[in-house]
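Inside the fold
In case you want the letters, here they are:
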Amino acid sequence: MSKADRFEVTFPLILTQDDSFSITFTLESGDTLEFKQGAYYLYGDNGSGKTTLLNMLALTIGNIGGASGPDKGTIKFNDETYNAKGFNYIRAAEIREKSFCIFPQKAFFLPVSTRDNYMVLNGSDRQKAAAFSAHEYPDLLSGGQQQKVLMDIVLDAKKPVWFLDEPLSNLDAERRHYFWMTLQRAYRKDLATVFFIDHWIGKKIKDDKNFKHLNTLLVVTENRQKNSPTNINARHIEIFENNDPQDFFGRQIQQVQKEMSATSFLKKEPGV
Amino acid sequence: MTNDFHKLLVVCLKMLFRKSTRKRFVCLVIAFLVMMGFNTFSYVNKFHKAEMLKKEIVNQKAFKVFFVRMRSQNSFGRFLAGHYRKLRHLGAEIVKQAFIYQNNLFIHFFTPSATSHPDSSGNKDAINLLYSVYHIQSFVDDFFVKERTDDYTVKVRNNYIDHNGTALNEAVIAGRHNTLRFDLIDLADMIRENVWDKRIDVYNSIKKSIIDNIKRIPLNPNHMPNPYLSRVECIIPLNFLHILTNIKYDNTTDIIDLAESVSYEKDGAIKTDKADLAIPQIYQDNVMYQDIDAYPRYVPFYVPQVLEPRWNWLMYQNIDIKTDFMDYIDQLHSQGHYLYSYEKSHILKDKVKNINDDIRSNHINFYLTDLSMGIAFPFMISLFAFIHLKTEIAFLFMFKNRIRELLFIFWLLPVLLMLFVKGGILAAYLLYSIFGDLGASAHIALPLAITFFSAAAAFHPINKWCFSPFTGNTLNLHALHKGR
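Rules of the game
All residue numbers refer to positions counted from 1 along the written sequence of the respective chain. Think of it this way: whatever chain is written first is A, whatever ligand is written first is 1, and the rest follow in order. Only residues with pLDDT of at least 70 are given local features in this predicted model, and only at 80 or more are side-chain atom pairs given and counted; all residues enter the totals for whole chains, interfaces and linings. Hydrogens and water molecules were not included; the side-chain quantities draw on all heavy atoms of the structure. Per the convention used, a helix needs a DSSP run of H or I reaching at least four residues, while a strand needs a run of E reaching at least two, with both numbered from the N terminus. For the radius of gyration, the atoms used are the C-alpha atoms, and the globule rule reads 2.2 Å times the number of residues raised to 0.38. Exposure categories follow from relative accessible area, calculated using a 1.4 Å probe and restricted to protein chains: below 20% of the type maximum is buried, above 50% is exposed, and the middle band is partly exposed. Contacts are assigned to residue pairs with any non-hydrogen atoms lying within 4.5 Å of each other. Here the accessible surface of atoms and residues is derived via Shrake-Rupley with a 1.4 Å probe, and residues count as covered only by protein chains that are part of the display. In this tally, Asp and Glu contribute negative charge and Lys and Arg positive charge; neither His nor the terminal groups of the chain are included. To locate a charge, the coordinates of NZ of Lys, CZ of Arg, CG of Asp or CD of Glu are taken. Salt bridge, as used here: a side-chain nitrogen of Lys or Arg that lies within 4 Å of a carboxyl oxygen of Asp or Glu. Each polar contact in these results corresponds to two N or O atoms within 3.5 Å; when the atoms are within protein, one needs to be able to donate a hydrogen and the other to accept it, and residues that are neighboring in sequence are counted only if both atoms are side-chain atoms. Amino acid classes used here: Ala, Val, Leu, Ile, Met, Phe, Trp, Tyr, Cys and Pro are nonpolar; Asp, Glu, Lys and Arg are charged; the rest, including Gly, are polar. In this analysis, strands are considered paired if DSSP registers two or more bridges between them. Here a helix's expected span is defined as the number of its residues, less one, multiplied by 1.5 Å. The angle between axes fitted to the seven residues ending at a residue and the seven residues starting there is what we call the bend at that residue. The domain boundaries here were taken from an automatic or database domain assignment. Note on definitions: angles span 0 to 180 degrees between N-to-C directions of axes, and those axes are lines fitted to C-alpha atoms, for helices only across the stretch in contact.

1. Describing the overall build of chain A
- Each helix and strand counted, chain A has eight helices and 13 strands in total.
- Its C-alpha atoms give chain A a radius of gyration of 20 Å, within 12% of the compact-globule value 19 Å for 272 residues.
- By its C-alpha atoms, chain A is 60 × 45 × 40 Å across when sized along the principal axes.
- Within chain A, the fraction of its 272 residues that count as buried is 51%.
- Across chain A, the fraction of contacts at a sequence separation of at least 24, relative to all contacts at a separation of at least 6, is 71%.
- Surface exposure of chain A reaches about 12,800 Å², of which carbon and sulfur atoms provide 48%.
- Looking at chain A, you have 34 positive and 34 negative side-chain charges, and the mean spots of the two groups are 3 Å apart.

2. Quick notes on the interface of chain B and chain A
- Facing 32 residues of chain B, the contacting portion of chain A comprises 37 residues.
- In this structure, the salt-bridge partner of D4 of chain B is R126 of chain A, at a minimum N-O distance of 3.4 Å.
- Between chain B and chain A we count eleven residue pairs in polar contact (both at pLDDT 80 or more) in total.
- Elements represented by at least two residues in the side of chain B that touches chain A include exactly α1 (3-16), α12 (342-399), α13 (403-435), α15 (468-471), β15 (474-476) and α16 (477-481) of chain B.
- Here the residues of the side of chain B that touches chain A are counted per class, giving twelve nonpolar, ten polar and ten charged.
- For strand β6 (residues 61-63) of chain A and β15 of chain B, the ladder comprises three bridges, and the chain directions are antiparallel. If you follow N63 of chain A over to β15 of chain B, its bridge partner there is T474 of chain B.

3. Notes on helix α3 (residues 73-89) of chain B
Residue and element names in this part refer to chain B.
- The first and last C-alpha atoms of α3 sit 23 Å apart over 17 residues, in line with the 24 Å expected at 1.5 Å per residue.
- At H83, α3 is deflected by roughly 50 degrees, the largest bend along its length.
- Within α3, burial applies to S75, F76, F79, H83 and L87.
- At its buried positions, α3 is contacted by β1 (65-70), β11 (297-302) and α11 (323-334).

4. Concerning the sheet that holds strand β4 (residues 32-35) of chain A
- Taken in spatial order, the four strands make up an open sheet running β4-β1-β7-β8 (chain A), and their pairing is antiparallel. The strands lining the two open edges of the sheet, one partner per strand, are β4 and β8 (80-81) of chain A.

5. A look at the pairing of strand β6 (residues 159-162) of chain B
All names here are of chain B.
- Alternating positions in β6 separate into two faces, N159 and I161 on one and Y160 and D162 on the other, with burial throughout.
- Of the strand pairs in this sheet, β6 and strand β8 (residues 234-237) are connected by two bridges, and their pairing is antiparallel. Pairing of D162 across the sheet is with C234, part of β8.

6. Overview of the domain arrangement of chain B
- The domain architecture assigned to chain B consists of domain 1 (3-56 + 356-481) and domain 2 (93-296).
- Relative placement of domain 1 of chain B and domain 2 of chain B: their C-alpha centres are 67 Å apart.

7. Quick word on the sheet that holds strand β5 (residues 153-157) of chain B
Residues and elements named next belong to chain B.
- Strand order in this open sheet of three strands is β5-β10-β9, and the pairing throughout is antiparallel. One side of each edge strand has no neighbouring strand; the edge strands of this open sheet are β5 and β9 (262-264). Ignoring which end each strand starts from, the neighbouring axes of this sheet average 20 degrees apart.
- Pairing analysis gives three bridges linking β9 to strand β10 (residues 269-273), with the strands arranged antiparallel. Considered in β10, the bridge of Y264 is made with I270.

Here it is, written out as structure tokens:
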């Protein structure tokens, strides 16, 4: 798997739905944004459009195949333009299956056993499938356990692009450790580009000298409903880039390990 | 089927049958199966009834023969000159050696040996048909006494069949018998014309022996007169008249031998020369029987293909009635060449029309209802699947390209249900027919197959439309996954 996968986004990027709702992404400086190898962190308020942008990049939201013209912005993945004529839902699904890993905000499973979930949603490693229970239904697990199982099922080291939408919520130190370890291992293999959103890690990113501020997006949402005044909101999304995130992953692992040690120390001395 | 597809199919079924949707989905499927099952069963039931009626009417022998009245020898001659060619063109052929006179059928009884049977296969079929319609065959077999005689003589029983008088009282039967005897005397007297000198004594002696001793044999109790030709009272072997004709024209035998050539036996049989019993040369190819100047009489026309199965573009077989022929005999009837049992032709047309109407309405009704159900219910099942599984399907599509497989699965499920219903009912019907020896027609498979394939084909784009939020150019898996 090549590590030369790249996204190229031309702004202003406009997403319209039902002619009543539109969201417009405009770049603060320049009109093209490029995502190459590395980790990209999206920082913004709730409702600023981070998840929407992530989904547009991941081909789960948007107008494709000429449904929106180039005047509404374009997204290219490896020189394939999403809204070019001839690009259809089958091609989108092929790209998602081959290249993208999407970790959703909330853990979700098909209502079958964890092994069946793995086989249907991933199925890339028969040996790994055997490690999942054929009788255990993931819906019966706790929130944190579900997050971990979902990581095991959908995070595939063979895919070059991961979209992680608040993957650390609900996770205790042990599982956060597992998450960073999974990310680090995948990055050593075929994973090339990671997009992630997280509200708790923002300060660390800003302070991390390896993350540089790439650009700022102005996001305008316009909601025109019948019999209601038009609602227009403007927010910002800051994008940070780290082209060599291995150190960052390592530091996160070390930090979580410290937390785990402290927790285990506390556990050993009840009453403290 | 690949392992991945099998796994996906199982997961889809598990999702449809999960606790929260199980009852609703099962109710939908049962409603589909029951409605389509009842509709298909109703169609098959009506098809079977119509098929039995169709076979009955197409195979009804009385509808293959029509008796046309001739008023006199001259009018018969004119009829042959004017209409015979046309009737032959319409597929009808005059049956030789048979006619109806005074409600009595005179028909030649052929010996069981093939050599004496009519050489024309059409006339052979016609005679066999008349034998069958009037239940004559067993009487014919008994007519020729099986006993060792020399090569030149033959013994026949001096009997006739009382065709429709089985239930009559003795006085009526006796009256009919006497009337028949007088008719036979009249006919014999017509034949006797131009016979002179001592031969007339021999002729009268033989005539008297035959007519005085002729015996009534009631129709076999197992046989009922054919309802369309039940007016025929008696069936008389034309052979007796042939004996008299042959005696009349025998100029080579001396008077003593001629008197002994036909003898009445004590057992009620007539012993005669084979040559005397055979069809006289003058009657071989002549249907006019000029010596027997008995008119009006009804001459039989054999029409083997007046009714035939015919394919309709709606993929069923109905009955094709030879309208040209029926119109022509109606025309003959109105011109004075009355049909014996004229009502039969109208009964025939009415029956054919009713059966054809029933077949047509059954098929049109089946096509419309089955296609409606075959499209509406699968559409509901697909909608049900989309509404209840869109969150899961959207989630699945985020990771795997299984769109074609999913569309195929949700197309296949209702199609398999239809196949199960139709295939099951068809197989049950064919087995029931085969083991019940009902002679069912396998043609029923055609409409069932056509509606099945049509519904499956029509449902394909509808199914795709049900899942159009996944197959359009506006992606919103994120919203669908959230249940919006």
